[in-house]
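# Coordinates in review
For reference, the chains in residue letters:
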Amino acid sequence: RTINSDLPTGGPDFVHVVREDVVNRDLLFVGTDVGAYVSTDRGGHWQKFMNGLPTVPVYDLKIHPRDRELIAGTHGRSIWTVDISPLEQMNGGVMAAGTHFFTPKSAYQYSVATSQRFDGDKIFRAANTPYGAELVYRLTSGTTRDTTRILITNIRGDTVRTLTGPGGPGLHRVYWDLRTRAKPLGPAARRDSVIAANQRRIREDSVRRAGGDTTSGAGRRGGGGLAKGDLNLRPSESPTLGAAAPGSGGGGGGGGGGSGRAGINVDPGDYLVTITANGQQLRQVVRVERVGEIIDNPLGSPDDEEESQEIDPIDP
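Residues numbered from 1 in each chain as written. Predicted model: local features only at pLDDT ≥ 70, side-chain atom pairs only at ≥ 80, totals over all residues. Heavy atoms only, no water.

Looking now at the pairing of strand 12 (residues 159-166). Counting buried positions along strand 12 yields 6 of 8 residues, so the element is predominantly enclosed. Inspection of the sheet shows strand 11 (residues 147-153) paired to strand 12 by 7 bridges, in the antiparallel sense. Residue pairing across strands places Thr153 opposite Thr159, the latter belonging to strand 12. Here strand 11 folds back onto strand 12, and the loop between the two strands holds 5 residues, one of which, Gly157, carries a positive phi near 90°. (Buried < 20%, exposed > 50% of the residue type's maximum accessible area, 1.4 Å probe, protein only. Helix = DSSP H or I, 4+ residues; strand = E, 2+ residues; numbered from the N terminus. Pairing = 2+ DSSP bridges.)

This brings us to unusual backbone geometry. Phi is positive for Arg42, close to 60°, though the residue is something other than glycine. Judged by its relative accessible area of 26%, Arg42 falls in the partly exposed class. Backbone geometry places Leu178, a non-glycine residue, at a positive phi of 65°. Looking at the secondary structure, you find Leu178 in the loop between strand 13 (170-176) and helix 3 (187-209).

The topology assignment puts Gln284 in strand 15 (residues 280-290). In terms of polar contacts, Gln284 uses its side chain to reach the backbone carbonyl oxygen of Phe101, at 2.9 Å. Among all residues touching Gln284, those that are not within four sequence positions of it are Phe101, Phe102, Thr103, Pro104, Tyr271, Leu272 and Val273. (Polar contact = N/O pair within 3.5 Å; in protein donor to acceptor, adjacent residues only side chain to side chain. Contact = heavy atoms within 4.5 Å.)

Time to look at the sheet that holds strand 13. Sheets are built from strands paired through backbone hydrogen bonds, the pairs being either parallel or antiparallel. Ordered by their spatial adjacency, 3 strands build an open sheet running 8-10-13, and the pairing between neighbours is antiparallel. Strands with a single pairing partner mark the edges of an open sheet, and in this sheet they are strand 8 (100-101) and strand 13. By the bridge criterion, 7 bridges tie strand 10 (residues 133-139) to strand 13 in an arrangement that is antiparallel. Paired with Arg138 across the strands is Leu171, a residue of strand 13.

Attention now moves to the confidence of the model for the protein chain. Mean pLDDT over the protein chain works out to 76, with 74% of the residues at or above the 70 mark. Every residue in residues 216-260 scores below 50 in pLDDT, and together they form 102 contacts with partners more than four places removed in sequence or on other chains. When the criterion is pLDDT under 50, residues 298-316 qualifies, and its contacts beyond four places in sequence or with other chains add up to 42 contacts. (pLDDT = per-residue confidence, 0-100.)

Attention shifts here to the environment of Thr274. Topologically, Thr274 is positioned in strand 14 (residues 269-277). Between the alpha carbons of Thr274 and Arg149 there is a distance of 8.0 Å; along the sequence they are 125 residues apart. Here Thr274 is in contact with Arg149, Ile150, Leu151, Gln281, Leu282 and Arg283, once residues within four sequence places are set aside.

Before going further, it helps to examine the sheet that holds strand 7 (residues 79-83). Strand order in this open sheet of 3 strands is 5-6-7, and the pairing throughout is antiparallel. Only two strands of the sheet have a single neighbouring strand rather than two, namely strand 5 (58-63) and strand 7. On average, each strand axis in the sheet is tilted by 20° relative to the strand beside it, whichever way the strands run. Where strand 6 (residues 69-74) and strand 7 come together, 5 bridges link them in antiparallel fashion. What sits directly across from Glu69, in strand 7, is Asp83. (Axes fitted to C-alpha atoms, helices over the stretch in contact; angles between N-to-C directions.)

The subject of this paragraph is helix 3. In a regular helix each residue adds 1.5 Å, so 23 residues correspond to 33 Å; helix 3 covers 33 Å between its end C-alpha atoms and thus fits that length. At the exit of helix 3 stands Gly211, carrying a positive phi of roughly 85°. (Expected span 1.5 Å × (residues − 1).)

Okay, the pattern of salt bridges next. Taken as a whole and assessed by the stated rule, the structure comprises 12 salt bridges. For Glu20, the salt bridge goes to Arg42, with nearest N and O atoms at 2.8 Å. Residue Glu20 is found in strand 1 (residues 15-20), and its partner Arg42 is found in the loop between strand 3 (35-39) and strand 4 (47-48); the two are separated by 22 residues along the sequence. Residue class for Glu20 comes out partly exposed when judged on its relative accessible area of 33%. A salt bridge links Arg208 to Asp205, with the shortest nitrogen-to-oxygen separation between them at 2.6 Å. Of this pair, Arg208 and Asp205 both sit in helix 3, 3 residues apart, which is roughly one turn of that helix. (Salt bridge = Lys/Arg side-chain N within 4 Å of Asp/Glu carboxyl O.)

Our focus in this paragraph is the side chain of Asp158. If you trace the backbone, Asp158 turns up in the loop between strand 11 and strand 12. At a separation of 3.0 Å, a polar atom in the side chain of Asp158 contacts the side chain of Arg156.

Here we come to a nonpolar patch on the surface. Together, Tyr108, Tyr110, Val112 and Val291 make up an exposed nonpolar region whose accessible area comes to about 390 Å². A residue is classified by how much of its surface remains accessible, and Tyr108, at 39% relative accessible area, is partly exposed. (Patch = residues over 30% accessible without salt bridge, like charges linked within 9 Å, V, L, I, M, F, W, Y side chains within 5 Å. Areas by Shrake-Rupley, 256 points an atom, 1.4 Å probe, with all protein chains shown as cover.)

Put into structure tokens, the structure is as follows:
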């Protein structure tokens, strides 16, 4: 039978490649002169599949057998990849259920090497996939003002992290940075925090007196400069790292991290993720695996009495 249905016609509509998913036979992808398209009903209906991909010819499509990613070879925009594991789980039962938490892929802990380099003018740099565990869920009711509560617990039932995700109809993504919530600072860490803040204030005052600018340059916010009104904020007063940033409804936008002091890396293993949305609880297990050596540098000393406290048990 024909599968062209509602693919574009009458213009630059040449189809270069058709690819069937290896897990879900009803999931089809095509590469055309005007981008990529996807069908979840074996060619009955198509929609543009361009999350982050501009309108360019797509000459070839491959599906990574391990990472469950679609890889597109384009003309003029190099190689484009996107995670399709949630789409592979789309079937009649999922669509009928309405609210669904897709099975997460394994998440990998790794350390990122940093180095100093000097880029040329007008350099192009595409965004990388956010670090951590990707949590994808689908809602069919509510409003965009709604939020979801995401609870992450270990095998003992202890609460490791609590995140807030977006609500409202659509496909949503939230990323967990594979860290615990930050524990309170002990006395020694608070002392070091105050000393560091005072030293920073002295340096910045000297720059101001010399006519320099303290609101730009390589600041402590990931190299993006100092935030206005944040010049003398002590590390112990900073918000915790990794409060979930909501993804956009419908398009599955990515969640992300915040700024400030972080918790420690979790141990490898299985973690239970519970999403509470629209009066329902959805559960999945995410596996955390470690690649190479991970070095934790939490602010404070293990000898501080406050650092040894137990994390809160799971809410009843």
